[in-house]
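For reference, the chains in residue letters:
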Amino acid sequence: MRAMVISGGGSKGAFAGGVAQYLLEEMKYDYGLFVGTSTGSLLISHLALNKVEKIKNVYTSVKQDDIFSHRPFVIKKGKHGEKQIGIDHFKVLRNFLRGSKTFGESYKLRTLISNTLTRDEFNTLKEGPKEVVVTVSNLSLNQVEYKSINDFEYSDFIDWIWISCNYIPFMSLAKKESCEYADGGFGSMVPIEEAINRGATTVDVIILETEVTYYNRMPSKNPFSLLTNMHAFMLDRVEKQNIRIGKFVAGHKNVVINFYYTPTVLTTNSLIFDNEMMTKWWDSGYRYARETNIDTSQINPQQDT
């Protein structure tokens, strides 16, 4: 069975969409399993339904206000033209006075997900042969959980997709089944091992980071930029550990893994959703997948003998 795994990465998910589009439409790969974390969980249901254009339209038109019901930051331009986030003191204070445990809230994202993945589409997917699995972090039980579409009804599965994307403390802390849940990336940024455990023999893995670190982060300008830098550092460690474990398990079970990293640094702040940039990232992901597979197909057959 062939599986597709898409890592977390916020707005960089647009690049993953472009890669996936090429693999589905041009390479004609037939995936029996899709596993996603965070932004990956937003993509995989539509990819499994072969509704690539629909999810592309969402990713290339989404705005901050489509995601945040209470956005805790403002976007500023740095002196070198880069975009940075700064704390919106009034909104954060108002959110705390409302009794929230996080700086911001992301209930609009939950609405966007339910409007994008309809009940009929959910039923079509659930009744079909493909399995869709999203990753969430159970903070109460201190464990990673994988939620399969086969085990839930529509409303619950929409909840799990939303929860998989909740990048706390900037987004909502969700409570479900008497437990507190957050972004799946905090525990499993690249769920390769889960795909293998579910029977995959070939895994195409889309990782929304460069294979080698090409940059030093800009100095923190405020508490929010410090938090994002700290989160990015921790998630980078989780990602590398996930990849090492995935390779180790694959080696023992004779599973083939194909990695698709971003060839360049897309952004250092994936909380910023810019339509123009995300459109470019989708197109660059498509071109990158095409170039990667052309390079692979042109390997001299005599080298394998």
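Notes on the structure follow. Because the structure is predicted, anything quoted here is derived from the model rather than measured. (Residues numbered from 1 in each chain as written. Predicted model: local features only at pLDDT ≥ 70, side-chain atom pairs only at ≥ 80, totals over all residues. Heavy atoms only, no water.)

### Concerning the pattern of salt bridges
- For the coordinates displayed, the defined rule picks out 17 salt bridges.
- Lys130 serves as the salt-bridge partner of Asp30, at 2.9 Å between the closest nitrogen and oxygen. In this pair, Asp30 sits in the loop between helix H1 (13-25) and strand E2 (33-37) while Lys130 sits in the loop between helix H6 (119-127) and strand E5 (131-138), placing the two residues 100 residues apart along the sequence.
- Using a relative accessible area of 59% as the deciding quantity, one classes Asp30 as exposed.
- Overall, the relative accessible area of 17% leaves Lys130 in the buried class.
- Among the ionic contacts, a cluster of salt bridges with common partners joins Arg110, Asp156, Asp159 and Lys176. (Salt bridge = Lys/Arg side-chain N within 4 Å of Asp/Glu carboxyl O. Helix = DSSP H or I, 4+ residues; strand = E, 2+ residues; numbered from the N terminus. Buried < 20%, exposed > 50% of the residue type's maximum accessible area, 1.4 Å probe, protein only.)

### Structural notes on the packing of aromatic side chains
- Within this structure, the stated rule accounts for 16 aromatic pairs.
- With a centroid separation of 5.4 Å and an interplanar angle of 85°, the aromatic rings of Phe68 and Phe73 are classed as edge-to-face.
- By relative accessible area, Phe68 is classed as buried at 3%.
- Pairing Tyr167 with Phe186 gives two aromatic rings, centres 6.0 Å apart and planes at 5°, and the pair type is stacked. Taken together, the positions of Tyr167 in the loop between helix H7 (154-164) and strand E7 (174-176) and Phe186 in the loop between strand E8 (179-183) and helix H8 (192-197) put the pair 19 residues apart, joining distant regions of the chain.
- With a relative accessible area of 14%, Tyr167 lands in the buried category.
- By relative accessible area, which is 26% here, Phe186 ends up partly exposed. (Phe/Tyr/Trp six-rings, centres within 6.5 Å; stacked < 30°, edge-to-face > 60°.)

### What to know about the nonpolar core
- Membership of the largest hydrophobic core comes to 88 residues, with the highest contact counts inside it found for Met4, Leu47 and Ile206.
- Per element, the largest residue contribution to this core is eight residues, and it comes from H1.
- Once you skip the residues sitting within four places of it in the chain, Ile206 turns out to touch Met4, Val5, Ile6, Ser7, Ala16, Val19, Ala20 and Tyr260. (Core = buried A, V, L, I, M, F, W, Y, C linked by side-chain atoms within 4.5 Å. Contact = heavy atoms within 4.5 Å.)

### Looking at H6
- The complete set of buried residues in H6 reads Glu121, Phe122 and Leu125. Buried residues of H6 fall within an arc of 100° about the axis and therefore sit on the same side. With respect to the buried face of H6, the exposed residues turned more than 90 degrees away are Asp120 and Glu127.
- Check the buried side of H6 and you find it contacts helix H2 (39-48), helix H3 (52-59), helix H5 (107-116), E5 and H7. (Arc of directions from axis to C-beta.)

### Describing the packing of H2 against H3
- At a closest axis distance of 8 Å, the pairing of H2 and H3 adopts a crossing angle of 150°. Here H2 lies roughly antiparallel to H3, going by the angle between them. Crossing geometry of H2 relative to H3 is assigned as right-handed. Facing Thr39, Leu42, Leu43, His46 and Leu47 of H2, the residues of H3 in contact are Val52, Lys54, Ile55 and Tyr59.
- Split into classes, the residues belonging to the contact of H2 with H3 amount to six nonpolar, two polar and one charged. (Axes fitted to C-alpha atoms, helices over the stretch in contact; angles between N-to-C directions. Parallel < 35°, antiparallel > 145°, perpendicular 65-115°, else oblique. Left-handed = near helix turned anticlockwise from the far one by under 90°. Nonpolar A, V, L, I, M, F, W, Y, C, P; charged D, E, K, R; others polar.)

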